[in-house]
Amino acid sequence: MSKVSPSILAANFMNLQQELDKIKRADYLHIDVMDGHFVPNITFGFPLIEALNKVETLPLDVHLMISDPSKYVDRFMDLGASIIAVHIEAEIHLHRLLERIKSREVKAFVALNPHTPVNSLESILPFLDGVLVMTVNPGFTGQKFIPLAAEKIRQLDTIRQKKGFEFEIAVDGGVNLNTAPTVVEYGADILVMGAAIFRSDFPEKVIEEVKGLKR
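Criteria and cut-off values
- Within every chain, residues take consecutive numbers counted from 1 along the sequence as written.
- Selection of residues for local features in this predicted model requires a pLDDT of at least 70, selection of side-chain atom pairs for listing and counting requires 80 or more, and totals for whole chains, interfaces and linings are taken over all residues.
- With hydrogens and water excluded, all non-hydrogen atoms of the structure serve as input to the side-chain values.
- UniProt positions are given in the numbering used here, feature names are shortened, and annotations may be inferred rather than shown by experiment.
- In this description a helix means any DSSP run of H or I spanning at least four residues, a strand means any run of E spanning at least two, and both kinds are numbered starting from the N terminus.
- For this analysis, residues touch if any pair of their heavy atoms sits within 4.5 Å.
- Under the convention used throughout, the expected extent of a helix is 1.5 Å for every residue step, that is, one less than its residue count.
- For each residue, the accessible area found with a 1.4 Å probe, counting protein chains only, is set against the maximum for its type, and the residue is called buried under 20%, exposed over 50%, and partly exposed in between.
- Our arc is simply the arc of the directions from the helix axis toward the C-beta atoms.
- In the analysis that follows, any N or O atom pair within 3.5 Å is treated as a polar contact, provided that within protein one partner can donate a hydrogen and the other can accept it, and provided that, for residues neighboring in sequence, both atoms belong to side chains.
- Each pair of strands is called paired provided DSSP finds at least two bridges between the two strands.
- Geometry is summarised by axes, namely lines fitted to C-alpha atoms with helices restricted to the contacting stretch, and by angles between N-to-C directions that run from 0 to 180 degrees.
- A side-chain nitrogen of Lys or Arg and a carboxyl oxygen of Asp or Glu constitute a salt bridge if their distance falls within 4 Å.

- An unreviewed UniProt entry lists the chain under the name Ribulose-phosphate 3-epimerase, with Kosmotoga arenicorallina S304 given as the organism.
- The UniProt entry for the chain carries the following text under Function (unreviewed entry): "Catalyzes the reversible epimerization of D-ribulose 5-phosphate to D-xylulose 5-phosphate."
- The record held by UniProt for the chain lists under Pathway (unreviewed entry) the comment "Carbohydrate degradation."

This is the structure we're talking about:
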């Protein structure tokens, strides 16, 4: 079965508790942290994540779209993150940072922008818990799915099977009921979905349908 991580960026913040009640059957809660520098948008900081960790039972899947993530990653883990995804494009000492995350028993993921090739991860894949494949240019919710970027999922799955690695593959960007079967077929394990869930009339049904997808 596929795992679903609804992106709170697409939620209605005027009725946040009601929005969270709609996604209780999901596997994670995806939180996009943007700094206005690494990506052209500013979103959530520590107070929101601290509040969510107190009221939300879903594990927190924190995607750091920020420059110098090593300066802030410990604080996010202190606030209860279960997954931390950092961008390969944003971190110079990536292996060191991943080991730091894993030492806290938090899953360490590396995110790839649409233009970043899979082979950039060649030396780091044995140390990862997961790869987050971006199928839109990061920074805004509701963007159109980039099919060429999704091909990286297939590439990563081939490497995983060939070398016996156990990292998970997550996909983020333009994932909806139309594109979800494709990325699952390619090998995605975790589907990050924003507008397709929070702006649906029947978000619970969307989650159940996606969780039921199999290769």
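A short note on the UniProt feature "active site" (unreviewed entry) in the chain
Argument step 1. The feature "active site" (unreviewed entry), as given by UniProt, occupies D32 and D172 in the numbering adopted here. On the basis of their most widely separated C-alpha atoms, the annotated residues across 141 residues gather in one place, lying no more than 10.5 Å apart.
Argument step 2. When you line up the elements, D32 lands in strand β2 (residues 29–34).
Argument step 3. When neighbours within four sequence positions are excluded, D32 is seen to be in contact with S7, L9, T43, F44, H63, M65 and D172.
Argument step 4. Here D172 shows up in strand β7 (residues 168–172).
Argument step 5. Not counting chain neighbours up to four residues away, the residues in contact with D172 comprise H30, D32, H63, L132, V133, M134, T135, V136 and V192.

Considering helix α5 (residues 147–163)
Argument step 1. Between the first and last C-alpha of α5 there are 25 Å, a value that for 17 residues agrees with the 24 Å anticipated at 1.5 Å per step.
Argument step 2. Buried within α5 we find A149, A150, K152, I153, L156, D157 and R160. End-on, the buried residues of α5 take up no more than an arc of 135 degrees, which puts them together on one face. In α5, the exposed positions that point more than 90 degrees away from the buried face belong to P147, L148, Q161 and K162.
Argument step 3. Those residues of α5 that are buried are in contact with β5 (107–112), β6 (130–134), β7 and α6 (180–186).
Argument step 4. G164 sits one or two residues past α5 and shows a positive phi near 75 degrees.

Observations regarding the side chain of H87
Argument step 1. As for its position among the elements, H87 is in strand β4 (residues 81–87).
Argument step 2. Ignoring anything within four residues of it in the chain, the contact list for H87 reads F38, H63, L64, M65, A111, N113, M134 and P138.

Describing the UniProt feature "binding site: a divalent metal cation" (unreviewed entry) in the chain
Argument step 1. UniProt's entry tags H30, D32, H63 and D172 with the feature "binding site: a divalent metal cation" (unreviewed entry), counted in the numbering of this structure. Spanning 143 residues, the annotated positions come together in the fold, the maximum distance between their C-alpha atoms being 10.5 Å.
Argument step 2. Counting through the fold element by element, H30 comes out in strand β2.
Argument step 3. One polar contact links D172 to H30, side chain to side chain, over a distance of 3.4 Å.

Points about the sheet that holds β6
Argument step 1. Taken in spatial order, the 8 strands line up as β1-β8-β7-β6-β5-β4-β3-β2 in an open sheet, and their pairing is parallel. Either end of the sheet is taken by a strand with one partner, and the two such strands are β1 (3–6) and β2. When strand polarity is set aside, the average angle formed by the axes of neighbouring strands in this sheet is 25 degrees.

Details of helix α2 (residues 46–55)
Argument step 1. The set of residues buried in α2 consists of L48, I49 and L52. One face of α2 carries all of its buried residues, which in axial projection span an arc of 95 degrees. Of the exposed residues in α2, those oriented more than 90 degrees away from the buried face are P47 and K54.
Argument step 2. Looking at the buried residues of α2, the elements they touch are α1 (16–21), β2, β3 (60–65) and α3 (73–78).

Description of the pattern of salt bridges
Argument step 1. Enumeration over the complete set of coordinates arrives at 15 salt bridges.
Argument step 2. Between E168 and K107 there is a salt bridge whose closest N-O contact spans 3.4 Å. Residue E168 is located in strand β7, and its partner K107 is located in strand β5; the two are separated by 61 residues in the primary sequence.
Argument step 3. On the basis of relative accessibility, which here comes to 13%, the residue E168 falls in the buried class.
Argument step 4. Between R154 and E151 there is a salt bridge whose closest N-O contact spans 3.3 Å. One end of the pair, R154, and the other, E151, are both in helix α5, 3 residues apart, so they sit about a helical turn from each other.
Argument step 5. The exposure class assigned to E151 is partly exposed, which follows from its relative accessible area of 28%.

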